[in-house]
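So the chains spell out like this:
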Amino acid sequence: SVGVAEACKDFMTPDHIYVDVSSSSPKVMQDVWAIIKDTGVQFADGALLDTVPKYRHRVPTVLAGNGAQAAYDALTDEQKETVRDMVRLMRKRNE
């Protein structure tokens, strides 16, 4: 994560959204943010909630960071429906 952020930072602008879906620790995500924040880029840390082989492109994911909403907004309608399904399921489990 840190190496990728270092390699990409010179190409980032406030028009970009940087989404990291690695399994890195919170400390590493803080280090990534420290590297890229001066570029003005929006940053989202994506936490995968299940396995990619099981769900493929529909793996449930939680986004956090100042770019979380922008990352969600960039999803396709089908991907957004998957997110809404996941939220409905989580709400049902909590009833």
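Structure: see above.
Now for a look at the structure at hand. (Residues numbered from 1 in each chain as written. Predicted model: local features only at pLDDT ≥ 70, side-chain atom pairs only at ≥ 80, totals over all residues. Heavy atoms only, no water.)

### Quick word on the nonpolar core
By size, the foremost hydrophobic cluster in this structure holds nine residues: Ala5, Met12, Tyr18, Met29, Val32, Ile35, Ile36, Val41 and Phe43. Leave out the neighbours within four places in its chain, and Ile36 touches Ala5, Lys9, Met12, Tyr18, Val41 and Phe43. (Core = buried A, V, L, I, M, F, W, Y, C linked by side-chain atoms within 4.5 Å. Buried < 20%, exposed > 50% of the residue type's maximum accessible area, 1.4 Å probe, protein only. Contact = heavy atoms within 4.5 Å.)

### Examining the layout of surface pockets
Of the voids in this model, the largest pocket is the one considered here, and its volume is about 460 Å³. Taken together, 20 residues form the lining of the largest pocket, with Val59, Thr61, Leu63, Leu75 and Val83 sitting closest to its centre. Counting residues per element, the ones that place at least two in the lining of the largest pocket are strand E3 (61–64), helix H4 (68–73) and helix H5 (77–93). For the lining of the largest pocket, the element with the most residues is H5, which contributes five residues. Classifying every residue of the lining of the largest pocket by side-chain character gives 15 nonpolar, four polar and one charged. As a volume, the second largest pocket reaches approximately 240 Å³. (1 Å grid on protein atoms, 1.4 Å probe; cavity = no way out; pocket = protein on both sides within 12 Å on 5 of 7 lines; lining within 4 Å. Points joined across faces, edges and corners; volume = space filled by probe spheres on them. Helix = DSSP H or I, 4+ residues; strand = E, 2+ residues; numbered from the N terminus. Nonpolar A, V, L, I, M, F, W, Y, C, P; charged D, E, K, R; others polar.)

### Focus on a nonpolar patch on the surface
Side chains of Ile17, Val19, Val21, Leu48 and Val52 sit close together on the surface and give an oily, nonpolar patch of about 360 Å² of accessible area. Topologically, Val21 is positioned in the loop between strand E1 (17–20) and helix H2 (26–36). (Patch = residues over 30% accessible without salt bridge, like charges linked within 9 Å, V, L, I, M, F, W, Y side chains within 5 Å. Areas by Shrake-Rupley, 256 points an atom, 1.4 Å probe, with all protein chains shown as cover. Salt bridge = Lys/Arg side-chain N within 4 Å of Asp/Glu carboxyl O.)

### Things to note about H2
Residues of H2 that are buried: Met29, Val32, Ile35 and Ile36. Each buried residue of H2 sits inside an arc of 115° when the element is viewed along its axis, so together they form one side. The outward face of H2, more than 90 degrees from its buried face, is lined by the exposed residues Pro26 and Gln30. Buried positions along H2 lie against helix H1 (2–8), E1 and strand E2 (42–48). (Arc of directions from axis to C-beta.)

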